[in-house]
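The chain contents come next:
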Amino acid sequence: NNRYIYSRPVNTISPPRLRPGGRGISTSGHYALAADEALVITADPLGAVSLGVQLADPWGVSYDYDSRSASLNNLQAASNKEGTITFVISARDPGYANWLDGGGFASGIVVLRWQGLPGNVDQSRGFRKVEVIKLSNLARSLPEGMSRVTPKERNSMRAARSRAYAVRLGD
């Protein structure tokens, strides 16, 4: 990670690259945010069967994804009107549906993966934008109609996520 991810500028995402063995495309970056900042990433699903975003700690270990939204995919995330998906990374819950929860940590690694892509896709269109935005400016900086989430709804989302994870493990 020090050579491949942390050698690149902070709060940026590299252009998507082909994954070995025809497994789609992927990209990554690392972030370090102040308490009043969010990293906002907009991606195009490109018609992929799965677009997934995952947060990890500085050593590449996934943040808690069984009870927190430290990862989201195109079925879990709310799409923008034009079909892109905007993800918000911040140490505290900003009240938006596509929040990636790093468990209170303000830094880490972010990985995006597109799998099951249709043929002849322009992979350069997968990653649209990344920017650091003050939390106080999120409402006017995010796409129009971005889904809001109340604390009660967030707790329900976490509980549903935990139940789904337990099913995955065979509980």
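Our subject is the structure listed above.
Residues numbered from 1 in each chain as written. Predicted model: local features only at pLDDT ≥ 70, side-chain atom pairs only at ≥ 80, totals over all residues. Heavy atoms only, no water.

Undergrad: What is the right way to look at the packing of aromatic side chains in this model?
TA: Two measures describe an aromatic ring pair: the distance that separates the ring centres and the angle between the ring planes. The tally for this structure, following the rule as stated, stands at one aromatic pair. Where Y63 meets F105, the ring centres are 5.5 Å apart and the plane angle is 5 degrees; that geometry is what we call stacked. Note that Y63 is positioned in the loop between β5 (50-56) and β6 (71-73) and F105 in the loop between β8 (99-101) and β9 (107-115), a separation of 42 residues in sequence. By relative accessible area, Y63 is classed as buried at 8%. It is R148 that lies over the ring of Y96; its NZ or CZ is 4.2 Å from the centre. (Phe/Tyr/Trp six-rings, centres within 6.5 Å; stacked < 30°, edge-to-face > 60°. Helix = DSSP H or I, 4+ residues; strand = E, 2+ residues; numbered from the N terminus. Buried < 20%, exposed > 50% of the residue type's maximum accessible area, 1.4 Å probe, protein only. Lys NZ or Arg CZ within 6 Å of the ring centre and 35° of its normal.)

Undergrad: Teacher, can you tell me more about the sheet that holds strand β4 (residues 37-43) here?
TA: An order of β8-β7-β4-β10 is seen for the four strands of this open sheet, with the pairing classed as mixed. Bordering the open sheet on either side are β8 and β10 (127-134), each of which pairs with just one other strand. Neighbour-to-neighbour, the strand axes of this sheet turn through a mean angle of 25 degrees, independent of strand direction. (Pairing = 2+ DSSP bridges. Axes fitted to C-alpha atoms, helices over the stretch in contact; angles between N-to-C directions.)

Purely geometric stuff here, so don't read any function into it on its own.
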